[in-house]
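# Structural overview for review
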Amino acid sequence: MPSNKDLMQRDLQVLWHPCTQMKDHETLPLIPVQRGEGIWLYDFDGKRYMDAVSSWWVNLFGHANPRINDRIKAQLDKLEHVILAGFSHEPVIELSERLVQITPPGLNRCFYADNGSSGIEVALKMSFHYWLNQGNDKKTKFVTLGNSYHGETLAALAVGDVDLYKKTYEPLLMTTYTAPSPDCYHREAGESWEDYSLRQFAAMEKLLAEKHEEISAVIVEPLIQCAGTMRMYHPIYLTKLREACDRYNVHLIADEIAVGFGRTGTLFACEQADIVPDFLCLSKGLTAGYLPLCAVLTHDRIYQGFYDEYDTLRGFLHSHSYTGNPLACAAALATLDIFEQDDVINRNQKLIQKMAAVTAPFADHPHVAEVRQTGMVLAIEMVKDKASKTPYPWQERRGLKVYQHGLDNEAMLRPLGSVVYFMPPYIITEEQIEHLAKVAWEGIEIATAD
Ligand SMILES: *Cc1c(COP(=O)(O)O)cnc(C)c1O
(Lines give C-alpha, C1' and ligand atoms only; values in the text may rest on other atoms or scores of the structure.)
Protein backbone atom coordinates (compact mmCIF):
# COMPACT_ATOMS: atom_id res chain seq x y z
CA MET A 1 0.00 0.00 0.00
CA PRO A 2 1.34 3.50 -0.80
CA SER A 3 2.04 5.91 2.06
CA ASN A 4 0.39 9.28 2.67
CA LYS A 5 3.54 10.91 1.36
CA ASP A 6 3.62 8.94 -1.90
CA LEU A 7 0.05 9.87 -2.67
CA MET A 8 0.47 13.48 -1.62
CA GLN A 9 3.39 13.83 -4.04
CA ARG A 10 1.45 12.32 -6.92
CA ASP A 11 -1.61 14.39 -6.06
CA LEU A 12 0.26 17.67 -6.01
CA GLN A 13 1.63 16.98 -9.49
CA VAL A 14 -1.79 16.86 -11.13
CA LEU A 15 -4.57 18.15 -8.88
CA TRP A 16 -5.91 21.60 -8.09
CA HIS A 17 -7.96 21.37 -4.88
CA PRO A 18 -11.17 23.28 -4.09
CA CYS A 19 -11.18 26.32 -1.85
CA THR A 20 -7.40 26.00 -1.36
CA GLN A 21 -4.35 28.17 -1.81
CA MET A 22 -2.25 25.34 -3.22
CA LYS A 23 0.98 26.85 -1.88
CA ASP A 24 -0.30 26.01 1.63
CA HIS A 25 0.57 22.40 0.86
CA GLU A 26 4.27 23.20 0.91
CA THR A 27 3.85 23.10 4.68
CA LEU A 28 0.39 21.64 5.37
CA PRO A 29 0.05 17.91 4.81
CA LEU A 30 -2.60 16.77 2.38
CA ILE A 31 -4.36 13.74 3.75
CA PRO A 32 -5.20 10.95 1.34
CA VAL A 33 -8.06 8.88 2.69
CA GLN A 34 -7.86 5.16 2.10
CA ARG A 35 -11.30 4.27 3.42
CA GLY A 36 -14.16 5.47 5.55
CA GLU A 37 -16.27 3.62 8.07
CA GLY A 38 -18.99 5.24 10.16
CA ILE A 39 -17.68 8.51 11.57
CA TRP A 40 -14.06 7.57 10.85
CA LEU A 41 -11.79 8.38 7.93
CA TYR A 42 -8.61 6.28 7.66
CA ASP A 43 -5.47 7.52 5.90
CA PHE A 44 -2.66 5.48 4.30
CA ASP A 45 -0.37 5.74 7.32
CA GLY A 46 -2.86 4.05 9.64
CA LYS A 47 -4.12 7.23 11.28
CA ARG A 48 -7.82 7.94 11.67
CA TYR A 49 -9.90 11.13 11.86
CA MET A 50 -13.37 11.69 13.26
CA ASP A 51 -15.37 13.46 10.55
CA ALA A 52 -16.72 16.23 12.82
CA VAL A 53 -17.77 18.43 9.89
CA SER A 54 -19.55 15.69 7.93
CA SER A 55 -17.15 16.10 4.98
CA TRP A 56 -18.37 19.65 4.29
CA TRP A 57 -21.83 19.16 5.78
CA VAL A 58 -22.99 16.40 3.49
CA ASN A 59 -22.62 13.17 5.45
CA LEU A 60 -25.54 12.24 7.71
CA PHE A 61 -25.18 8.56 8.56
CA GLY A 62 -21.48 7.82 8.39
CA HIS A 63 -19.17 6.63 5.65
CA ALA A 64 -19.80 3.34 3.87
CA ASN A 65 -23.19 2.98 5.52
CA PRO A 66 -24.35 -0.57 4.65
CA ARG A 67 -28.00 0.42 4.16
CA ILE A 68 -27.18 3.18 1.68
CA ASN A 69 -24.50 1.08 -0.01
CA ASP A 70 -26.95 -1.76 -0.61
CA ARG A 71 -29.57 0.47 -2.16
CA ILE A 72 -27.07 2.05 -4.54
CA LYS A 73 -25.63 -1.35 -5.49
CA ALA A 74 -29.08 -2.70 -6.27
CA GLN A 75 -29.86 0.35 -8.40
CA LEU A 76 -26.52 0.07 -10.20
CA ASP A 77 -27.47 -3.31 -11.61
CA LYS A 78 -30.77 -1.95 -12.94
CA LEU A 79 -30.08 1.50 -14.33
CA GLU A 80 -27.15 3.86 -13.77
CA HIS A 81 -28.49 6.88 -15.63
CA VAL A 82 -31.02 7.96 -18.20
CA ILE A 83 -32.00 11.26 -19.78
CA LEU A 84 -34.80 12.83 -17.71
CA ALA A 85 -36.39 14.75 -20.59
CA GLY A 86 -38.94 12.53 -22.31
CA PHE A 87 -37.93 9.63 -20.03
CA SER A 88 -38.34 8.91 -16.34
CA HIS A 89 -37.47 6.20 -13.81
CA GLU A 90 -38.77 4.73 -10.56
CA PRO A 91 -36.24 6.19 -8.11
CA VAL A 92 -36.86 9.78 -9.22
CA ILE A 93 -40.64 9.31 -9.11
CA GLU A 94 -40.58 7.75 -5.66
CA LEU A 95 -38.16 10.36 -4.37
CA SER A 96 -40.34 13.19 -5.67
CA GLU A 97 -43.45 11.66 -4.06
CA ARG A 98 -41.68 11.38 -0.74
CA LEU A 99 -40.14 14.87 -0.84
CA VAL A 100 -43.57 16.34 -1.54
CA GLN A 101 -44.86 14.44 1.49
CA ILE A 102 -42.19 15.48 4.00
CA THR A 103 -41.58 19.11 2.99
CA PRO A 104 -43.83 22.01 4.09
CA PRO A 105 -47.41 21.69 2.74
CA GLY A 106 -48.12 22.93 -0.77
CA LEU A 107 -44.67 22.25 -2.20
CA ASN A 108 -45.76 19.64 -4.71
CA ARG A 109 -43.37 19.91 -7.67
CA CYS A 110 -39.75 18.76 -7.77
CA PHE A 111 -37.21 20.00 -10.28
CA TYR A 112 -33.74 18.44 -10.15
CA ALA A 113 -30.25 19.84 -10.57
CA ASP A 114 -27.00 18.08 -9.87
CA ASN A 115 -25.47 20.24 -7.14
CA GLY A 116 -26.43 23.03 -4.78
CA SER A 117 -25.19 25.99 -6.81
CA SER A 118 -27.02 24.90 -9.94
CA GLY A 119 -30.17 24.38 -7.84
CA ILE A 120 -29.90 28.02 -6.73
CA GLU A 121 -29.62 29.06 -10.37
CA VAL A 122 -32.80 27.08 -11.07
CA ALA A 123 -34.74 28.85 -8.31
CA LEU A 124 -33.54 32.32 -9.41
CA LYS A 125 -34.37 31.68 -13.07
CA MET A 126 -37.77 30.14 -12.27
CA SER A 127 -38.71 33.07 -10.06
CA PHE A 128 -37.79 35.67 -12.68
CA HIS A 129 -39.36 33.67 -15.50
CA TYR A 130 -42.60 33.20 -13.56
CA TRP A 131 -43.12 36.96 -13.33
CA LEU A 132 -42.20 37.34 -16.98
CA ASN A 133 -44.81 34.74 -17.90
CA GLN A 134 -47.29 36.85 -15.92
CA GLY A 135 -46.46 39.74 -18.23
CA ASN A 136 -44.30 41.47 -15.64
CA ASP A 137 -40.79 42.22 -16.95
CA LYS A 138 -39.91 44.64 -14.14
CA LYS A 139 -38.94 42.05 -11.55
CA THR A 140 -35.27 41.57 -12.34
CA LYS A 141 -33.65 41.97 -8.90
CA PHE A 142 -33.04 39.66 -5.95
CA VAL A 143 -32.72 40.49 -2.28
CA THR A 144 -30.12 38.69 -0.24
CA LEU A 145 -29.03 38.84 3.40
CA GLY A 146 -25.72 40.20 4.61
CA ASN A 147 -23.23 37.38 5.31
CA SER A 148 -25.20 34.92 3.18
CA TYR A 149 -23.83 32.13 1.00
CA HIS A 150 -25.57 30.34 -1.83
CA GLY A 151 -22.78 28.68 -3.80
CA GLU A 152 -19.99 29.48 -6.22
CA THR A 153 -21.43 29.73 -9.73
CA LEU A 154 -21.79 33.33 -10.85
CA ALA A 155 -25.47 33.93 -10.07
CA ALA A 156 -25.22 31.97 -6.82
CA LEU A 157 -22.18 34.05 -5.91
CA ALA A 158 -24.04 37.24 -6.82
CA VAL A 159 -26.81 36.50 -4.30
CA GLY A 160 -24.24 35.64 -1.63
CA ASP A 161 -22.37 38.09 0.57
CA VAL A 162 -19.20 36.45 1.90
CA ASP A 163 -16.34 38.71 0.74
CA LEU A 164 -13.73 35.97 0.81
CA TYR A 165 -15.47 34.14 -2.02
CA LYS A 166 -17.23 37.02 -3.77
CA LYS A 167 -15.17 40.19 -3.82
CA THR A 168 -12.66 39.16 -6.50
CA TYR A 169 -15.41 38.33 -8.97
CA GLU A 170 -17.61 41.36 -8.27
CA PRO A 171 -17.13 42.85 -11.78
CA LEU A 172 -18.71 39.72 -13.25
CA LEU A 173 -21.79 39.62 -11.05
CA MET A 174 -25.37 40.85 -11.37
CA THR A 175 -26.26 43.50 -8.81
CA THR A 176 -28.49 42.58 -5.90
CA TYR A 177 -30.06 44.28 -2.88
CA THR A 178 -28.63 43.28 0.46
CA ALA A 179 -30.57 43.53 3.72
CA PRO A 180 -28.63 43.35 7.00
CA SER A 181 -28.35 39.86 8.43
CA PRO A 182 -30.60 38.83 11.34
CA ASP A 183 -27.59 36.89 12.74
CA CYS A 184 -27.60 37.41 16.50
CA TYR A 185 -23.86 37.58 17.18
CA HIS A 186 -23.97 41.38 17.42
CA ARG A 187 -27.05 41.64 19.63
CA GLU A 188 -26.83 43.95 22.64
CA ALA A 189 -26.01 42.51 26.06
CA GLY A 190 -29.25 41.21 27.50
CA GLU A 191 -31.07 41.33 24.18
CA SER A 192 -32.76 38.05 23.16
CA TRP A 193 -32.26 36.35 19.78
CA GLU A 194 -35.90 37.00 19.05
CA ASP A 195 -35.71 40.72 19.80
CA TYR A 196 -32.56 41.14 17.77
CA SER A 197 -33.77 39.25 14.69
CA LEU A 198 -37.03 41.17 14.85
CA ARG A 199 -35.14 44.47 15.06
CA GLN A 200 -33.08 43.50 12.02
CA PHE A 201 -36.24 42.79 10.08
CA ALA A 202 -37.12 46.51 9.95
CA ALA A 203 -34.48 47.09 7.26
CA MET A 204 -35.84 44.22 5.14
CA GLU A 205 -39.37 45.61 5.47
CA LYS A 206 -38.16 49.02 4.34
CA LEU A 207 -36.27 47.60 1.37
CA LEU A 208 -39.28 45.61 0.22
CA ALA A 209 -41.59 48.59 0.68
CA GLU A 210 -39.36 50.75 -1.52
CA LYS A 211 -38.24 48.31 -4.19
CA HIS A 212 -40.78 45.50 -4.38
CA GLU A 213 -41.83 46.35 -7.91
CA GLU A 214 -38.40 45.44 -9.22
CA ILE A 215 -37.84 42.50 -6.86
CA SER A 216 -38.39 38.95 -8.06
CA ALA A 217 -37.47 37.08 -4.86
CA VAL A 218 -35.78 37.21 -1.49
CA ILE A 219 -33.32 34.38 -0.95
CA VAL A 220 -32.33 33.25 2.54
CA GLU A 221 -30.56 30.46 4.38
CA PRO A 222 -33.12 29.60 7.07
CA LEU A 223 -31.80 29.86 10.69
CA ILE A 224 -28.08 29.25 10.07
CA GLN A 225 -25.70 31.05 7.73
CA CYS A 226 -23.31 28.14 7.55
CA ALA A 227 -20.53 29.36 5.23
CA GLY A 228 -20.89 32.78 6.89
CA THR A 229 -19.15 31.21 9.92
CA MET A 230 -22.19 29.44 11.36
CA ARG A 231 -24.03 32.62 12.32
CA MET A 232 -27.55 31.95 13.61
CA TYR A 233 -30.88 33.74 13.99
CA HIS A 234 -34.37 33.38 15.36
CA PRO A 235 -37.26 31.83 13.34
CA ILE A 236 -39.37 34.96 13.93
CA TYR A 237 -37.40 36.59 11.10
CA LEU A 238 -38.61 33.97 8.64
CA THR A 239 -42.19 34.28 9.82
CA LYS A 240 -42.07 38.04 9.29
CA LEU A 241 -40.33 37.64 5.95
CA ARG A 242 -42.97 35.23 4.64
CA GLU A 243 -45.73 37.70 5.56
CA ALA A 244 -43.88 40.57 3.91
CA CYS A 245 -43.14 38.64 0.72
CA ASP A 246 -46.86 37.88 0.41
CA ARG A 247 -47.79 41.51 1.03
CA TYR A 248 -45.30 42.83 -1.53
CA ASN A 249 -45.81 40.13 -4.16
CA VAL A 250 -42.26 38.83 -3.99
CA HIS A 251 -41.13 35.18 -3.97
CA LEU A 252 -39.33 33.62 -1.04
CA ILE A 253 -36.50 31.20 -1.83
CA ALA A 254 -35.41 29.03 1.11
CA ASP A 255 -31.91 27.68 0.57
CA GLU A 256 -31.90 24.65 2.87
CA ILE A 257 -29.01 23.08 1.00
CA ALA A 258 -26.93 23.00 4.19
CA VAL A 259 -29.56 23.14 6.94
CA GLY A 260 -32.14 20.71 5.53
CA PHE A 261 -32.45 17.13 6.75
CA GLY A 262 -32.21 17.69 10.46
CA ARG A 263 -29.28 20.01 10.96
CA THR A 264 -31.33 22.65 12.80
CA GLY A 265 -33.08 20.05 14.97
CA THR A 266 -36.20 19.77 12.81
CA LEU A 267 -36.25 17.96 9.47
CA PHE A 268 -36.40 21.33 7.69
CA ALA A 269 -35.55 24.71 9.22
CA CYS A 270 -38.68 26.34 7.73
CA GLU A 271 -40.79 24.19 10.07
CA GLN A 272 -39.57 26.19 13.06
CA ALA A 273 -41.03 29.37 11.56
CA ASP A 274 -44.10 27.51 10.30
CA ILE A 275 -43.63 28.89 6.80
CA VAL A 276 -43.87 27.55 3.27
CA PRO A 277 -41.38 29.13 0.87
CA ASP A 278 -42.11 29.50 -2.85
CA PHE A 279 -38.93 27.60 -3.64
CA LEU A 280 -37.13 25.15 -1.37
CA CYS A 281 -33.61 24.10 -2.39
CA LEU A 282 -32.28 20.83 -0.99
CA SER A 283 -28.91 19.19 -1.60
CA LYS A 284 -25.97 18.15 0.64
CA GLY A 285 -27.79 15.88 3.15
CA LEU A 286 -30.33 14.84 0.50
CA THR A 287 -28.15 11.85 -0.41
CA ALA A 288 -26.53 11.63 3.06
CA GLY A 289 -23.26 12.69 1.50
CA TYR A 290 -23.09 9.98 -1.14
CA LEU A 291 -23.73 11.53 -4.52
CA PRO A 292 -24.39 15.00 -5.94
CA LEU A 293 -28.07 15.82 -6.30
CA CYS A 294 -30.25 18.87 -5.74
CA ALA A 295 -34.02 19.15 -5.59
CA VAL A 296 -35.83 22.46 -6.03
CA LEU A 297 -39.40 22.20 -4.79
CA THR A 298 -42.12 24.66 -5.65
CA HIS A 299 -45.92 24.92 -5.60
CA ASP A 300 -48.76 24.75 -8.09
CA ARG A 301 -49.06 28.46 -8.76
CA ILE A 302 -45.49 28.63 -10.02
CA TYR A 303 -45.82 25.40 -11.99
CA GLN A 304 -49.04 26.53 -13.67
CA GLY A 305 -47.37 29.81 -14.63
CA PHE A 306 -45.19 27.84 -17.05
CA TYR A 307 -47.82 25.36 -18.30
CA ASP A 308 -48.90 26.39 -21.79
CA GLU A 309 -48.62 25.66 -25.51
CA TYR A 310 -45.02 25.08 -26.61
CA ASP A 311 -44.90 28.04 -28.98
CA THR A 312 -45.67 30.56 -26.23
CA LEU A 313 -42.12 29.73 -25.03
CA ARG A 314 -43.29 29.80 -21.46
CA GLY A 315 -41.73 26.44 -20.63
CA PHE A 316 -38.74 26.19 -18.30
CA LEU A 317 -36.11 25.04 -20.79
CA HIS A 318 -33.34 24.44 -18.27
CA SER A 319 -31.41 21.20 -17.83
CA HIS A 320 -28.28 19.58 -16.47
CA SER A 321 -26.80 16.40 -17.92
CA TYR A 322 -27.12 14.41 -14.71
CA THR A 323 -30.54 15.74 -13.71
CA GLY A 324 -32.27 13.26 -11.38
CA ASN A 325 -29.52 10.64 -11.63
CA PRO A 326 -30.97 7.25 -10.55
CA LEU A 327 -28.00 6.29 -8.34
CA ALA A 328 -28.21 9.61 -6.50
CA CYS A 329 -31.98 9.18 -6.14
CA ALA A 330 -31.42 5.67 -4.74
CA ALA A 331 -29.03 7.12 -2.15
CA ALA A 332 -31.66 9.74 -1.27
CA LEU A 333 -34.36 7.08 -0.87
CA ALA A 334 -32.14 5.04 1.46
CA THR A 335 -31.52 8.26 3.41
CA LEU A 336 -35.24 8.93 3.82
CA ASP A 337 -35.74 5.31 4.93
CA ILE A 338 -33.18 5.77 7.68
CA PHE A 339 -34.85 8.98 8.88
CA GLU A 340 -38.14 7.10 9.12
CA GLN A 341 -37.02 3.75 10.46
CA ASP A 342 -34.60 5.09 13.06
CA ASP A 343 -36.69 8.04 14.29
CA VAL A 344 -33.60 10.16 13.66
CA ILE A 345 -35.02 13.61 14.41
CA ASN A 346 -36.19 12.57 17.88
CA ARG A 347 -33.10 10.58 18.64
CA ASN A 348 -30.88 13.53 17.74
CA GLN A 349 -32.30 15.43 20.72
CA LYS A 350 -29.95 13.59 23.06
CA LEU A 351 -26.95 14.43 20.89
CA ILE A 352 -28.04 18.07 20.74
CA GLN A 353 -28.15 18.22 24.53
CA LYS A 354 -24.82 16.46 24.83
CA MET A 355 -23.13 18.94 22.47
CA ALA A 356 -24.53 21.81 24.56
CA ALA A 357 -23.40 20.26 27.83
CA VAL A 358 -19.80 19.47 26.83
CA THR A 359 -19.22 22.92 25.33
CA ALA A 360 -20.85 24.98 28.10
CA PRO A 361 -17.44 25.66 29.75
CA PHE A 362 -16.11 27.18 26.51
CA ALA A 363 -18.26 30.27 27.12
CA ASP A 364 -15.93 31.24 29.97
CA HIS A 365 -12.76 30.91 27.92
CA PRO A 366 -10.98 34.31 27.76
CA HIS A 367 -10.77 34.14 23.95
CA VAL A 368 -14.20 32.78 23.17
CA ALA A 369 -16.81 35.43 22.33
CA GLU A 370 -19.72 33.08 21.86
CA VAL A 371 -20.78 29.46 21.90
CA ARG A 372 -23.90 29.18 19.76
CA GLN A 373 -26.05 26.27 18.77
CA THR A 374 -29.03 25.52 16.60
CA GLY A 375 -29.88 21.84 16.70
CA MET A 376 -27.02 19.68 15.45
CA VAL A 377 -24.77 22.63 14.62
CA LEU A 378 -22.60 24.06 17.37
CA ALA A 379 -20.07 26.86 16.83
CA ILE A 380 -17.40 28.41 19.01
CA GLU A 381 -16.16 31.85 17.98
CA MET A 382 -12.60 32.74 19.00
CA VAL A 383 -11.74 36.43 19.36
CA LYS A 384 -8.76 38.55 20.25
CA ASP A 385 -10.72 40.55 22.82
CA LYS A 386 -13.72 39.00 24.49
CA ALA A 387 -15.39 42.12 25.90
CA SER A 388 -15.43 44.06 22.62
CA LYS A 389 -15.66 40.95 20.40
CA THR A 390 -12.64 42.23 18.49
CA PRO A 391 -11.78 39.51 15.99
CA TYR A 392 -8.32 38.13 15.40
CA PRO A 393 -6.84 39.54 12.19
CA TRP A 394 -7.80 36.93 9.56
CA GLN A 395 -4.18 36.78 8.36
CA GLU A 396 -3.23 35.10 11.63
CA ARG A 397 -5.30 32.05 10.70
CA ARG A 398 -5.89 31.01 14.29
CA GLY A 399 -8.45 28.41 13.30
CA LEU A 400 -5.82 26.55 11.33
CA LYS A 401 -3.98 25.82 14.59
CA VAL A 402 -7.07 24.16 15.99
CA TYR A 403 -7.35 22.17 12.78
CA GLN A 404 -3.76 20.98 13.02
CA HIS A 405 -4.15 20.01 16.67
CA GLY A 406 -7.27 18.08 15.70
CA LEU A 407 -5.49 16.12 12.99
CA ASP A 408 -2.92 14.95 15.54
CA ASN A 409 -5.75 13.84 17.83
CA GLU A 410 -8.13 11.86 15.65
CA ALA A 411 -10.46 14.76 14.88
CA MET A 412 -11.13 16.56 11.62
CA LEU A 413 -12.25 19.99 12.85
CA ARG A 414 -11.93 22.13 9.74
CA PRO A 415 -12.72 25.66 10.97
CA LEU A 416 -14.27 28.68 9.25
CA GLY A 417 -11.79 31.46 9.98
CA SER A 418 -11.70 31.80 13.76
CA VAL A 419 -14.85 29.76 14.25
CA VAL A 420 -14.50 26.14 15.35
CA TYR A 421 -17.66 24.12 14.87
CA PHE A 422 -19.20 20.69 15.21
CA MET A 423 -21.59 19.55 12.49
CA PRO A 424 -21.23 15.80 12.85
CA PRO A 425 -23.00 12.89 11.20
CA TYR A 426 -25.99 11.77 13.27
CA ILE A 427 -24.35 8.44 14.09
CA ILE A 428 -21.89 10.18 16.42
CA THR A 429 -21.90 8.80 19.98
CA GLU A 430 -21.93 10.77 23.21
CA GLU A 431 -18.38 9.59 23.95
CA GLN A 432 -17.25 10.83 20.55
CA ILE A 433 -18.83 14.22 21.27
CA GLU A 434 -16.84 14.33 24.51
CA HIS A 435 -13.67 13.61 22.56
CA LEU A 436 -14.41 16.41 20.09
CA ALA A 437 -14.95 18.88 22.91
CA LYS A 438 -11.67 17.85 24.55
CA VAL A 439 -9.68 18.24 21.33
CA ALA A 440 -11.41 21.53 20.51
CA TRP A 441 -10.63 22.92 23.96
CA GLU A 442 -6.95 21.99 23.72
CA GLY A 443 -6.78 23.35 20.17
CA ILE A 444 -8.36 26.65 21.21
CA GLU A 445 -5.89 26.90 24.11
CA ILE A 446 -2.99 26.46 21.67
CA ALA A 447 -4.47 28.77 19.05
CA THR A 448 -5.09 31.62 21.49
CA ALA A 449 -1.95 31.21 23.62
CA ASP A 450 -0.14 34.31 22.33
C1 LIG B 1 -23.01 24.32 -0.02
C2 LIG B 1 -24.07 25.34 -0.20
C3 LIG B 1 -24.50 25.73 -1.47
C4 LIG B 1 -23.83 25.25 -2.74
O5 LIG B 1 -23.91 23.89 -2.94
P6 LIG B 1 -22.81 23.17 -3.88
O7 LIG B 1 -23.31 21.79 -4.04
O8 LIG B 1 -21.51 23.25 -3.11
O9 LIG B 1 -22.76 23.93 -5.15
C10 LIG B 1 -25.55 26.61 -1.55
N11 LIG B 1 -26.15 27.10 -0.46
C12 LIG B 1 -25.76 26.75 0.79
C13 LIG B 1 -26.48 27.30 1.95
C14 LIG B 1 -24.69 25.89 0.95
O15 LIG B 1 -24.25 25.59 2.19
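These figures come from a predicted structure and were not determined experimentally. (Residues numbered from 1 in each chain as written. Predicted model: local features only at pLDDT ≥ 70, side-chain atom pairs only at ≥ 80, totals over all residues. Heavy atoms only, no water.)

## Overview of the domain arrangement of the chain
Threshold: How far each domain reaches was decided by an automatic or database domain assignment. Contact definition: two residues touch when any of their heavy atoms are within 4.5 Å. Buried area, as used here, totals the accessible surface that two parts lose on assembly, with accessibility defined by a 1.4 Å probe and the loss added over both.
Entries for the chain in the domain assignment read domain 1 (31-64 + 348-447) and domain 2 (69-342). Taking only C-alpha atoms into account, the centre of domain 1 sits 27 Å from that of domain 2. The partner domain 2 presents 26 residues to the 29 residues of domain 1 that form the contact. Together domain 1 and domain 2 conceal approximately 2400 Å² of surface at their shared face, both sides included; 62% is due to carbon and sulfur atoms.

## As for the site of the ligand
The condition is simple: We call a residue near a molecule or strand as soon as one heavy atom of that residue lies within 4 Å of the molecule or strand. The term polar contact refers here to a pair of N or O atoms within 3.5 Å; inside protein, the definition further demands a hydrogen-donor-capable atom paired with an acceptor-capable atom, and it admits residues adjacent in sequence only when both atoms are side-chain atoms. Working definition of accessibility: Shrake-Rupley area with a 1.4 Å probe, residue cover restricted to the visible protein chains.
Around the ligand, the structure places Trp57, Asn115, Gly116, Ser117, Tyr149, His150, Gly151, Glu221, Asp255, Ile257, Ala258 and Lys284. Residue asparagine 115 places a side-chain N or O atom 3.5 Å away from an oxygen atom belonging to the ligand. Measuring from an oxygen atom of the ligand, one finds a side-chain N or O atom of lysine 284 at 2.6 Å. When isolated, the ligand has an accessible area of 380 Å², and the protein chains bury 82% of it.

## A closer look at the sheet that holds strand β6 (residues 177-179)
Spelled out, the test is: Here, a strand pair is defined by DSSP locating no fewer than two bridges between the strands. The secondary structure listing takes helices from DSSP runs of H or I that are at least 4 residues long and strands from runs of E that are at least 2 residues long, numbered from the N terminus. For helices, the axis comes from a line fit to the C-alpha atoms of the stretch in contact; other axes are also lines fit to C-alpha atoms, and the angle between any two N-to-C directions lies between 0 and 180 degrees.
Strand order in the open sheet formed by seven strands is β4-β12-β11-β10-β7-β5-β6, and the pairing between neighbours is mixed. Each end of this open sheet is capped by a strand with a single partner; those strands are β4 (107-113) and β6. The mean angle between the axes of side-by-side strands here comes to 25°, regardless of whether they run parallel or antiparallel. Relative to strand β11 (residues 279-282), strand β10 (residues 251-255) is paired through three bridges, and the arrangement is parallel. Along β11, the bridge assignment pairs isoleucine 253 with phenylalanine 279.

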